[in-house]
Amino acid sequence: MMSSNYTAIDNQNVSGSVPAVADPPGQVAVKFTDSNLQTFPPSSSQGKISGASGPPRDADDTFSKPVSGSDEPQQSGWFRAFTIAAYKPYFDVDTTDVLERIKDSLFPFTGSFSEKTANKPDLYGPFWICSTLVFVAASIGTFVTYIAHKLQKKEWNYDINLVTWSAGLFYGYSTIVPLCLFLVLKYFSAPSGLVQLLCLYGYSLFVFIPALCLSLVPWEIVRWVVAGVAGFMSATFVALNLKHHIASAGERWFFIVAAIFLLQLALALVLRVYLFNVTV
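Figured I'd write up the structure that's included with this text. (Residues numbered from 1 in each chain as written. Predicted model: local features only at pLDDT ≥ 70, side-chain atom pairs only at ≥ 80, totals over all residues. Heavy atoms only, no water.)

### What about a nonpolar patch on the surface?
Note the following rule: Exposure above 30% relative accessible area and the lack of any salt bridge qualify a residue for a patch; like charges then connect within 9 Å, and the nonpolar side chains Val, Leu, Ile, Met, Phe, Trp and Tyr within 5 Å. Method for areas: the Shrake-Rupley scheme with a 1.4 Å probe, in which residue coverage is limited to the protein chains shown. Criterion for a salt bridge: a side-chain nitrogen of Lys or Arg within 4 Å of a carboxyl oxygen of Asp or Glu. The helix count covers DSSP runs of H or I at least four residues long, the strand count covers runs of E at least two residues long, and both are numbered beginning at the N terminus. To sort residues, take the accessible area from a 1.4 Å probe on protein chains only and compare it with the maximum for the residue type: under 20% means buried, over 50% means exposed, and anything in between is partly exposed.
Taken together, the side chains of Tyr-87, Phe-91, Tyr-124, Phe-127, Trp-128 and Tyr-171 present a nonpolar region at the surface, about 590 Å² in accessible area. The element that contributes the greatest number of residues to the nonpolar patch is helix H4 (residues 124–151), accounting for 3 residues. Looking at where Tyr-171 falls in the secondary structure, it is placed in helix H5 (residues 161–187). Assessed through its relative accessible area of 31%, Tyr-171 is described here as partly exposed.

### Details of helix H9 (residues 253–274)
Three- or four-residue spacings in an α-helix give side chains the same orientation, since the helix completes a turn every 3.6 residues. The line we're drawing: Each residue after the first adds 1.5 Å to the expected span of a helix. In what follows, residue pairs with any heavy atoms lying within 4.5 Å of each other are defined as contacts.
The terminal C-alpha atoms of H9 lie 32 Å apart, and with 22 residues this matches the ideal 32 Å at 1.5 Å per residue to within 8%. Turning to H9, its buried residues number three or more, namely Ile-256, Val-257, Ile-260, Gln-264, Leu-267, Ala-268, Leu-271 and Arg-272. The inward-facing, buried residues of H9 contact H5, helix H6 (194–204), helix H7 (208–214) and helix H8 (220–246).

### Here's the deal with the packing of aromatic side chains
Stated precisely, the cut-off is as follows: When the centres of two rings from Phe, Tyr and Trp lie within 6.5 Å, Trp using its six-membered ring, the rings pair. Their planes under 30 degrees apart give stacked, over 60 give edge-to-face, and anything left gives tilted.
Enumeration over the complete set of coordinates arrives at 11 aromatic pairs. Centre to centre, the rings of Phe-109 and Phe-232 are 6.4 Å apart; their planes meet at 50°, and the pair counts as tilted. Note that Phe-109 is positioned in the loop between helix H2 (95–105) and helix H3 (113–116) and Phe-232 in helix H8, a separation of 123 residues in sequence. Judged by relative accessible area, which is 40%, Phe-232 ranks as partly exposed. Aromatic pair Phe-232 and Phe-261: ring centres 6.1 Å apart, planes at 85°, arrangement edge-to-face. Of the two residues, Phe-232 sits in helix H8 while Phe-261 sits in helix H9, which places them 29 residues apart along the sequence. Judged by relative accessible area, Phe-261 falls into the partly exposed class, the value being 23%.

Function cannot be read off these values alone, since they describe shape.
Given below as structure tokens:
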């Protein structure tokens, strides 16, 4: 069968290639170059995409290298101690962790706090415990003196020194005492992590929060009992958690533990005299 534009080919075996048809006059022939799309990955590079079937090099550099002006610090050595990134791991805790460690501080005879926090000590809990102590001590002292002055119809003036004194006491104690203990243990060849000591002493102060609230009771005997129980629990918590570690310091380990215990009791006595004894 034939038509004006098409030619039919009979059903027969055709060997060889089909001859190219000449282009009609007035038309432009379109030629396609050889492509390697049948091979994956391509053998040759085109643009920024290499034959290694990976992402472009500039994309890798964007995410693997910090760009200029980024927030990631590049300092090393002692300079890193003055960067925020150096302290991020010590604040990487959730509410469950903090509550669990607070519960351990209220049961001091277990002595397992140091083991649980050995791999991940935190500074988040100690910071907020000290801040809460400052707030509670200042607010309770202010409230009691205010009510007492009003009942006696006296003029009342706010005492800002109560806030500064409380802040200096709690923040100073929870920082200076662990630092001194760190140096002492290092001297006796029984070094301990400074952050772990800060964590231990910070949580040991939690028991004084409810104790300060109970100082509102107007009976002196109750205030002495509350301060004594809180001091004993705090001292026992610190001493028992450091006992096994300090035992490696030699024969003098008992004196170190005894000094730690008595120092916590001295803190309770100071709190009893200056904070648990609110007078007009």
